[in-house]
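Structural overview for review
One letter stands for each residue in the lines below.
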Amino acid sequence: MDNSLIYYLEGVSCKYKKALNSALEIRKLSIKRGDIVFFVGASGVGKSTLLETLGLMNNTVVENPESKFYFFEKSPSEFTDLIDLWKKSESALSHFRKNNLSFVFQTINMFNNLSAFENVCLARIIQNKSLDDSKLKARQIMRKLFNEEAFDEIIEGKRVFELSGGQRQRLAFIRAAATDYNVLLADEPTGNLDAHNADKLMDELVGKVKMDNKTAVVVTHDIPLAMKYGNQVVLLTKNRVEENTIGGEIIPQNIFNRHQNGWLNAKKNIWSSDEVLLRYLSNGLK
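Summarised in this report is the structure supplied together with it. Keep in mind it's a predicted model, so treat the numbers as computed, not measured.

Some thoughts on the overall build of the protein chain
Along the backbone of the protein chain there are ten helices and twelve strands. Of all intrachain contacts in the protein chain linking residues separated by at least 6 positions in sequence, the fraction that spans at least 24 positions is 67%. Entry remark: accessible area of the protein chain is about 14,000 Å², with carbon and sulfur atoms responsible for 48%.

Remarks on a positive patch on the surface
Together, K28, K68, K267 and K268 make up a region of like positive charge exposed at the surface. By the secondary structure assignment, K28 is in strand β2 (residues 24-32).

Description of the side chain of S67
Here S67 is to be found in strand β4 (residues 59-75). Given the relative accessible area of 15%, S67 is considered buried. Residues in contact with S67, not counting those within four places in the same chain, are E10, G11, V12, V62 and I83.

Here's the deal with the pattern of salt bridges
Applying the stated rule across the entire model yields seven salt bridges. Here E90 and R97 are joined by a salt bridge, their closest N and O atoms 2.5 Å apart. Accessibility expressed as a relative area gives 46% for E90, which makes it partly exposed. Owing to a relative accessible area of 16%, R97 belongs among the buried residues under this scheme. Residue D180 is joined to R124 by a salt bridge in which the shortest nitrogen-to-oxygen separation is 3.4 Å. One end of the pair, D180, is in the loop between α7 (165-177) and β7 (183-187); the other, R124, is in helix α4 (residues 116-125), with 56 residues separating them in the sequence. Given the relative accessible area of 5%, R124 is considered buried. Several salt bridges share partner residues, and in doing so they unite R124, K129, D133 and D180 into one network.

Considerations on α4
With respect to burial, α4 is a largely interior element, seven of its ten residues being buried. Those residues of α4 that fall on the buried side of the exposure criterion are A116, F117, N119, V120, C121, A123 and R124.

A word on helix α1 (residues 47-54)
When you tally the buried positions in α1, you get seven out of eight residues, the bulk of the element. Burial in α1 covers these residues: K47, T49, L50, L51, E52, T53 and L54. Phi turns positive one or two residues past the end of α1, at L56, with a value near 50°.

Topic: the packing of aromatic side chains
Evaluation of the coordinates by the stated rule reveals seven aromatic pairs. On the numbers, 6.2 Å between centres and 85° between planes, the contact of Y70 with F72 is edge-to-face. Both residues of the pair, Y70 and F72, count as buried. With 5.1 Å between their ring centres and 85° between their planes, F71 and F96 make a pair best called edge-to-face. Note that F71 is positioned in strand β4 and F96 in helix α3 (residues 90-100), a separation of 25 residues in sequence. As far as burial versus exposure is concerned, F71 and F96 are alike and both buried.

Scoring rules and cut-offs
Residues numbered from 1 in each chain as written. Predicted model: local features only at pLDDT ≥ 70, side-chain atom pairs only at ≥ 80, totals over all residues. Heavy atoms only, no water. Helix = DSSP H or I, 4+ residues; strand = E, 2+ residues; numbered from the N terminus. Contact = heavy atoms within 4.5 Å. Areas by Shrake-Rupley, 256 points an atom, 1.4 Å probe, with all protein chains shown as cover. Patch = residues over 30% accessible without salt bridge, like charges linked within 9 Å, V, L, I, M, F, W, Y side chains within 5 Å. Salt bridge = Lys/Arg side-chain N within 4 Å of Asp/Glu carboxyl O. Lys, Arg positive; Asp, Glu negative; His and termini not counted. Charge placed at Lys NZ, Arg CZ, Asp CG, Glu CD. Buried < 20%, exposed > 50% of the residue type's maximum accessible area, 1.4 Å probe, protein only. Phe/Tyr/Trp six-rings, centres within 6.5 Å; stacked < 30°, edge-to-face > 60°.

Geometry only, nothing functional implied.
Have a look at this one:
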């Protein structure tokens, strides 16, 4: 197994607990440590399902006989079998998420009656960090990612409900980035922002992930944003219909890797310019 991997999935079906049919079929997917991976696709193909699967959240994994779903902490010999982990208690899943993953959700899941500062501190306290450490880290990252005027207002005790939509969106990212994590999972993190602020937030998000030498997996409808900031872009397509079942499937030839000379089709070894790839991905959203 490639020692640069952090996720490896093969033959995995993703199914919500109360549903009869699978929501997403993953033929094969590898995510390397340090990658910034964007998943794009039309509504309903399974983008959020994929993120929930990688984050061990609301859905369950239905095993095929040879299903593989591994998370590599440091090397090919040090990994967690996530299918086995999924069969354990919720506390075991929570422990894994707490120590390895951080999330930016499409909806801003904040404690509205706490201050913005307290929300960021709490993210580290949950990881068993000391109060002093949590306060110091929260101040450092908030000062960096809010402008000085906004920082002074927020640090004085503004509650979450008093912040603007853009400030809350930025706060959600700050809270996620303030924790100790291996992978940051983001579900449409710029969905409620205008183009300028979306670009600014994504620049901050990707910059922070790279500075920390971590990995990011982002789901988005914004293809230009994905192409600008991702070093890998995956197009999800809904292409399997069996009786009343419609499932999404990650097709290997829909994985594109950024290189110095353009984008390389991972399976066909075909080079694409930004313009050609943009047209291809845009057609995939129709």
